[in-house]
2 protein chains.
Amino acid sequence: MDVSSTANGGQTARVVAAIRQRISARALSPGARLPSIRSFARTMGVSTSTVVEAYERLVAEGLIQSRPGSGFYVTRVPQPLALAEIGPRLERAVDPFWVSRQSLEAGGDVLKPGCGWLPASWMPEAELRKALRRFARAEAGHLVDYGTPLGHPSLRRLLSLRMSEHGVVAPADQILLTESGTQAIDMLCRLLVEPGDTVLVDDPCYFNFLALLRAHRVKIVGVPWTPSGPDLTAFAAALGEHRPRLYITNSGLHNPTGAMLSPATAHRLLSLSGEAGLTIIEDDIFGDFCEEPAPRLAALDGLDRVIQIGSFSKTLTAAARCGYIAARPEWIERLSDLKIATTFGGNPVSADLVHAILRDGSYRRHLNGLRDRLARARGDVASRLRALEIRPWIEPRGGIFLWCQLPDGLDGAEFARRALAEDVVLAPGNVFSVSQSCAAFMRFNVAQCADERVFAVLKRAIAAATV
Amino acid sequence: MDVSSTANGGQTARVVAAIRQRISARALSPGARLPSIRSFARTMGVSTSTVVEAYERLVAEGLIQSRPGSGFYVTRVPQPLALAEIGPRLERAVDPFWVSRQSLEAGGDVLKPGCGWLPASWMPEAELRKALRRFARAEAGHLVDYGTPLGHPSLRRLLSLRMSEHGVVAPADQILLTESGTQAIDMLCRLLVEPGDTVLVDDPCYFNFLALLRAHRVKIVGVPWTPSGPDLTAFAAALGEHRPRLYITNSGLHNPTGAMLSPATAHRLLSLSGEAGLTIIEDDIFGDFCEEPAPRLAALDGLDRVIQIGSFSKTLTAAARCGYIAARPEWIERLSDLKIATTFGGNPVSADLVHAILRDGSYRRHLNGLRDRLARARGDVASRLRALEIRPWIEPRGGIFLWCQLPDGLDGAEFARRALAEDVVLAPGNVFSVSQSCAAFMRFNVAQCADERVFAVLKRAIAAATV
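Residues numbered from 1 in each chain as written. Chains lettered and ligands numbered in written order. Predicted model: local features only at pLDDT ≥ 70, side-chain atom pairs only at ≥ 80, totals over all residues. Heavy atoms only, no water.

- Looking up chain A in an unreviewed UniProt entry gives the name DNA-binding transcriptional MocR family regulator, with the organism given as Pseudorhizobium flavum.
- The record in UniProt for chain A states the following under Sequence similarities (unreviewed entry): "In the C-terminal section; belongs to the class-I pyridoxal-phosphate-dependent aminotransferase family." (UniProt positions renumbered as here; feature names shortened; annotations may be inferred.)

**Looking at the interface of chain B and chain A**
- Taken residue by residue, the interface counts 82 residues in chain B and 82 residues in chain A.
- Summing the contributions of chain B and of chain A, the shared interface buries around 7,000 Å²; its carbon and sulfur component is 57%.
- Here Arg217 of chain A and Glu194 of chain B are joined by a salt bridge, their closest N and O atoms 2.8 Å apart.
- Connecting chain B to chain A are 32 residue pairs in polar contact (both at pLDDT 80 or more).
- Those elements that provide at least two residues to the side of chain B that touches chain A are helix H4 (96-105), helix H5 (125-135), helix H6 (140-144), helix H8 (181-192), helix H9 (207-215), helix H13 (329-343) and helix H14 (348-359) of chain B.
- Per-element tally for the side of chain B that touches chain A: the top contributor is H13 of chain B, with 10 residues.
- A per-class count over the side of chain B that touches chain A returns 40 nonpolar, 21 polar and 21 charged. (Contact = heavy atoms within 4.5 Å. Buried area = accessible area lost by both parts, 1.4 Å probe. Salt bridge = Lys/Arg side-chain N within 4 Å of Asp/Glu carboxyl O. Polar contact = N/O pair within 3.5 Å; in protein donor to acceptor, adjacent residues only side chain to side chain. Helix = DSSP H or I, 4+ residues; strand = E, 2+ residues; numbered from the N terminus. Nonpolar A, V, L, I, M, F, W, Y, C, P; charged D, E, K, R; others polar.)

**Quick notes on the packing of aromatic side chains**
Residue and element names in this part refer to chain A.
- Here the structure, examined in full by the defined rule, presents 30 aromatic pairs over all chains.
- Measuring from ring centre to ring centre gives 5.5 Å for Trp403 and Phe432, while their planes differ by 85°; the resulting arrangement is edge-to-face. With Trp403 in strand S12 (residues 401-405) and Phe432 in the loop between strand S13 (427-428) and strand S14 (441-445), this pair connects stretches of sequence that are 29 residues apart. Accessibility assignment for this pair places Trp403 and Phe432 in one class, buried. (Phe/Tyr/Trp six-rings, centres within 6.5 Å; stacked < 30°, edge-to-face > 60°. Buried < 20%, exposed > 50% of the residue type's maximum accessible area, 1.4 Å probe, protein only.)

**Some points on the packing of helix H13 (residues 329-343) of chain A against H4 of chain B**
- One can describe the packing of H13 of chain A onto H4 of chain B by two numbers: an axis separation of 11 Å at closest approach and a directional angle of 100°. By the angle between their axes, H13 of chain A is roughly perpendicular relative to H4 of chain B. Residues Glu333, Ser336, Asp337, Ile340 and Ala341 of chain A of H13 of chain A form the contact with H4 of chain B, whose participating residues are Phe97, Ser100, Arg101 and Leu104 of chain B.
- The residue inventory of the contact of H13 of chain A with H4 of chain B, partitioned by class, reads 4 nonpolar, 2 polar and 3 charged. (Axes fitted to C-alpha atoms, helices over the stretch in contact; angles between N-to-C directions. Parallel < 35°, antiparallel > 145°, perpendicular 65-115°, else oblique.)

**Side note on the relation of the copies chain B and chain A**
- Once chain B is rotated about the relating axis by 180° and shifted along it by 0.1 Å, it coincides with chain A to within an RMSD of 0.2 Å. The symmetry that links the two subunits is that of a two-fold axis. Within chain B, the C-alpha atom positioned nearest to the axis of rotation is that of Arg133 of chain B, 2.9 Å from it.
- Looking at the interface residues of chain B, 100% of them are also at the interface in chain A, so both copies use one shared face. (Least-squares fit on C-alpha atoms with pLDDT ≥ 70 in both.)

**Here we look at the nonpolar core**
- Of all hydrophobic cores here, the largest spans 297 residues; its most connected members are Ile325 and Leu458 of chain A together with Ile325 and Leu458 of chain B.
- Not counting residues within four places of it along the chain, the set of residues in contact with Ile325 of chain B comprises Gln174, Ile175, Leu176, Thr178, Ala184, Leu188, Ile307, Gln308, Ile309, Ile332 and Leu335 of chain B. (Core = buried A, V, L, I, M, F, W, Y, C linked by side-chain atoms within 4.5 Å.)

**Thoughts on H4 of chain B**
- Among the 10 residues that make up H4 of chain B, 9 are buried, leaving the element largely enclosed by the rest of the structure.
- When H4 of chain B is considered as a whole, its buried residues turn out to be Pro96, Phe97, Trp98, Val99, Ser100, Arg101, Gln102, Ser103 and Leu104 of chain B.
- Contacts made by the buried residues of H4 of chain B are with H13 of chain A together with H9, helix H16 (412-421) and strand S13 (427-428) of chain B.

**Overview of the pattern of salt bridges**
- A complete count under the given rule lists 33 salt bridges over all chains for this structure.
- A salt bridge links Glu125 of chain A to Arg129 of chain A, with the nearest nitrogen and oxygen atoms 2.7 Å apart. One end of the pair is Glu125 of chain A and the other is Arg129 of chain A, both in helix H5 (residues 125-135) and 4 residues apart, which spans about a single turn.
- When its relative accessible area of 14% is taken as the criterion, Arg129 of chain A is described as buried.
- What you see here is one network of salt bridges that share partners, running through Arg101 and Glu105 of chain A together with Glu333 and Asp337 of chain B.

**Brief notes about helix H3 (residues 48-60) of chain B**
Residue and element names in this part refer to chain B.
- Its 13 residues place the ends of H3 18 Å apart at the C-alpha level, agreeing with the 18 Å of an ideal helix rising 1.5 Å per residue.
- Taken together, the buried positions of H3 are occupied by Thr50, Val51, Ala54, Tyr55 and Leu58. For H3, the angular spread of the buried residues around the axis is 130°, confining them to a single face.
- Positioned one or two residues after H3, Gly62 has a phi angle of 85°, which is positive. (Expected span 1.5 Å × (residues − 1). Arc of directions from axis to C-beta.)

**Some details on the sheet that holds S13 of chain A**
All names here are of chain A.
- Ordered by their spatial adjacency, 4 strands build an open sheet running S11-S12-S14-S13, and the pairing between neighbours is antiparallel. Strands with a single pairing partner mark the edges of an open sheet, and in this sheet they are strand S11 (391-392) and S13.
- Where S12 meets S14, 5 bridges bridge the pair, whose relative direction is antiparallel. Residue pairing in the sheet places Cys404 in a bridge with Met442 of S14.
- The sheet contacts of helix H15 (residues 362-387) involve S11, S12 and S14, and relative to S12 the element is tilted by about 15°. (Pairing = 2+ DSSP bridges.)

**What to know about unusual backbone geometry**
- The omega torsion of the bond from Asn255 of chain A to Pro256 of chain A falls at 15°, within 30 degrees of zero and hence cis.
- As for its position among the elements, Pro256 of chain A is in the loop between strand S7 (246-250) and helix H11 (263-276).
- Cis geometry is found at the peptide bond from Asp203 of chain B to Pro204 of chain B, where omega equals 5°.
- Within the secondary structure layout, Pro204 of chain B lies in the loop between strand S4 (198-203) and H9.
- Despite not being glycine, Phe344 of chain B has its phi angle at roughly 70°, a positive value.

**Some details on the state of the cysteines**
- In the structure shown here, the tally under the stated rule is 0 disulfides over all chains.
- The closest cysteine sulfur to the non-disulfide-bonded Cys115 of chain A is located on Cys449 of chain A, 9.4 Å from its own sulfur.
- Classification of Cys115 of chain A as buried rests on a relative accessible area of 1%.
- Between Cys404 of chain B, a free cysteine, and Cys449 of chain B, which holds the nearest cysteine sulfur, the sulfur-to-sulfur gap is 9.0 Å. (Disulfide = S-S within 2.5 Å.)

**Regarding the packing of helix H9 (residues 207-215) of chain A against H13 of chain B**
- Between H9 of chain A and H13 of chain B, whose axes approach to 8 Å, the crossing angle comes to 115°. Considered as vectors, H9 of chain A and H13 of chain B are oriented roughly perpendicular to each other. Remark: the crossing between H9 of chain A and H13 of chain B carries left-handed chirality. Across from Asn208, Ala211, Leu212 and Ala215 of chain A in H9 of chain A, the residues of H13 of chain B making contact are Leu338, Ile340, Ala341 and Thr342 of chain B.
- Grouping the constituent residues of the contact of H9 of chain A with H13 of chain B by class yields 6 nonpolar, 2 polar and no charged. (Left-handed = near helix turned anticlockwise from the far one by under 90°.)

**With respect to the pairing of strand S10 (residues 323-326) of chain B**
Residue and element names in this part refer to chain B.
- Of the two faces of S10, the one holding Gly323 and Ile325 and the one holding Tyr324 and Ala326 are both buried throughout.
- Taken together, the 4 bridges between strand S3 (residues 175-178) and S10 define a ladder with antiparallel strand orientation. Of the residues in S10, the one forming a bridge with Leu176 is Ile325.
- Looking at chain direction, strand S9 (residues 306-311) and S10 are connected through 4 bridges and run antiparallel. Residue pairing in the sheet places Gln308 in a bridge with Ala326 of S10.

**Comments concerning the sheet that holds strand S12 (residues 401-405) of chain B**
Residues and elements named next belong to chain B.
- Here we have 4 strands laid out as an open sheet, ordered S11-S12-S14-S13, and antiparallel in their pairing. Across the chains shown, the open sheet's two edge strands, defined by having one partner strand only, are strand S11 (391-392) and S13.
- By the bridge criterion, 2 bridges tie S13 to strand S14 (residues 441-445) in an arrangement that is antiparallel. What sits directly across from Ala427, in S14, is Arg443.
- Helix-sheet contacts for helix H15 (residues 362-387) involve S11, S12 and S14, and the interaxial angle to S12 is about 15°.

Here you go:
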C-alpha cells in the first residue's frame, strides 16, 4: 500500500512467513509468547522496525495478540497443522515437498528427470491389461467386499516366498498389506514413535522420509551416508548423543545415491543398534532393481528389531498401489488394529492385480528386461552428464538414480528453479539432506532423461549460472 | 502354576491387563510412577495382595520396575502404541475393534447381521465388470502413473456436481480424494487435533470413530443422540465444559441409529458451533441411502467450519475404495501436503472405476433399486425382530440399519458372544457408546438378515439368557 515501504516489504514478508510457519508447525503453540522484537530482529538479520511491522500485520490477521507491557502472544485459537508454506509454483520454497508436488502435478509437456519413477512406457502394460481383464471375471465378492485386516492371503504367501529368496524369513501371517510403501512407514511411525522422539535417517535420504517425519513432529537426525552405507562412527555417536527411537533406511538400493550396504557395514550397524535398543525400518522399495544380491538387514536380524517394508509402485504400477510390512508377530497384530482404525479395509483390488502379475513368470521377465535397460541408461546418461561436468558420485550397481555433483560453485536449488522455468523438474540435493549439506548435488532419474531437451536445459542453466 | 492361586488368577490377570493397557495406550508413560498398591486395589475392587501379585508379574516381564521405598515405575523402554488388548477370537474384549475384526475376518460360513455393509449380491456387479474391462483398455499412463495430489480431476468435478444437488457448494479444487472415508477422517484428525484435545461424538456413534480417535489419543466426549440429532442442551453444555476442537457426526443417515438431523437441530447446532469456534466433520457416507432430502450441515454452513467427507464403499464397492474431503481451500492445500507425506500418490485405479460408474446413469438406477429393496428389508426384519421382543428405536427413513432395544435385562455383549459361538457376528450397543450406556441395544444390518439362521440363533440366545 505504502510505496515507500516496498523495498522493505520482502523482509517483512519473510518475518511474517517465519512466524506463521512456526505457529502452523506448532513450534509456537496457542498462548505461547513470541520472541522479543529485538531478539527476533537479530535472529532474522533484519531491523527491529521490520519485526514490529511483521508483528503488527500478524495482529491484524488475528494470529497473534499484543499484551501491553508483556509482549506478543499466539492467539488461543488453534491453527491446523501445516507441513509446508504454500506459494505459487515457482516461488514455493525448495523444501521436502518441492520435488513431489512439481513432479506429481506436472502436465504432459513437463520433463521429469527429478522424479522417482519410471516412464509409463517402461512398465508392464500388457500384463496389467491382462490382469484387469482377468479381474473383471472374478467372483462377485472379490469385486465388492472389504479386504481382511492383513490383506490378500495369496499375495502375502507369495511375498513371504519372495522375501525368503533374500534370506528374510517372514511367514505370511507376519506380513501386513498396506496401501503403499509410504503408508507402511507412516503406520510404523504411528506405532513406534511419539512427537519429540528422535529418528535417524541417512543424509542424504529420500526426501519424503523428511516430509513424513515432519508430520509426526519428531526430531530428525541425519547420519552421513557413504558408498557402503551409513558412516558408522557418526551412527554410533548419534546413538549415544540422541538416543533415537528409530532408524529409517533403504537397503536394496539407496535413494538418492543408488549405493548398497556392504555386508560388513550391515553387520556392524545391527550390532550397534542391538546394543542401543534401536528399531530399524528397512525400506526395500528399490530392491527388485538390484543386479546382484544385496545384504538385507531384515535377513541378518531375523525380523527382530528390523522391520522390512516394500511396494510395487516402482516396478509394476503406481496407479493401483500396494505395499507391505513384515515384522514381529505382536507388532503385526497391533498394526492390524491401527489399519482398521485408520483405513478400515485396505484396497483388495490393487492387491489382486499385483498378485495376478507376480504369480506368473511375467514379472520376473519384466524385471530382467528393466535391469538391462536401466544399466544401459545409467551408462548413457552418466557420460552425457560428465560432458556437462556433472559428475556421478558413484557408479550404482542397479536402479534408476545417479547422484551427481554439479559443476563447481553451482547451487542445486537455483539450478532447479531455472530448469523449472523451462518445464524440466529436477531434484536438487538439499531436498534430500537434513543437514542441508548437499547444495552441490542433484539426483537424476536415468529413465526420465531420454528427451534431448533435458540436456539442452541443463546446459543453458549451467551457462546462465556461470556468467 | 500354583493351583491354590487359581481362584484369584482371574483377578490378577485383570489387574495385569489393566496396567498393560495403560502403558500401551501411554496413559502411563515410560518412567511414570504406578498407582500405589492400596489405591489401585480400591480402583479395581480387588485385594492388595492381588495387586502385589500383579505388579510382581509385570516386574518379572520387565514392564515395570520397583524402587524400594518409592513404589513401582514404568520401565524406560518405550512400548509400541496398542489400541486394543489382543485375545483369542471369543475372549477378545468387546471394544470398538470387536465388530470390525469379527466381521472383516469372518469366513464364508459366518453370518454378519452386525456388519456395516451390503452383501455382494446387492452391489452393482455388472457395472463394475464393465468398468474394469473399459479400464483395461485405458491409455498406458492411466494404468501405471501416480495420481495427482488432489486426485482424479473428472471424478472431483462429478463429486462437486453431486454435492451441489444437496446444496453443498464445493468447487472441484476444494475436493481432495482419499483412499477411503475412514482415511479422510484420519487425515482431518491429523490436520486439526493434537493428543489431549477433546473431540465430540454422538452417543451412540459409529464404533470406528472411537477406534480412530483412540489412535489420535484425544479425549472423547459423547453427546446423547436423539431421533432428530444430538441433544442440543447436552451439546451446548459439552461446548462450555470441554472446549472441544472438533465434532464428528453423520448427517445423511446416522450410524448406528438410522436417524436424520432435523433442519431445526442442524441450524441450532451450527449456531452453537460457530459461537464456540468448533470445527465439524460431517460424514455423509450413508447419504446416498436417504429416501428423502436430508439437511446437510455443509450446505447450511457453506463449507466454512464444516468439512464434508464421503465414500462409495457402501453403495458401489469396498474392494476399490475411494473417499473424498470437501473443505476450505487453505485446508485442502495443507491436506495435499499431508497426503503426499503420508501416502504419496493415492489410488488412481479406484478413482477411475468409481468415476466410470458414476458418470453414466447406472449408479442412479442402482441407488433407486437399493433404496426400494432396503425399505422392504427394513420392514420385514423389523417385524421379525419385534416378534422376538427386539424393538427398533425408530423407523429409519432409509439405510441399512435398525437400532434395536433388546428384551428386558439382556446384555448386548453377552448376547453377541453367544451368537458368535454359533458363527453369527452381531453388533452389541456398547461398542457404539462412549458412555457405555447402550448395553441393552443392538444394531442390525437388515440386508444381512436374509438367512433364517440369524433369527434361530437370536431366539436361542434370548432363551439361554432368560433361563
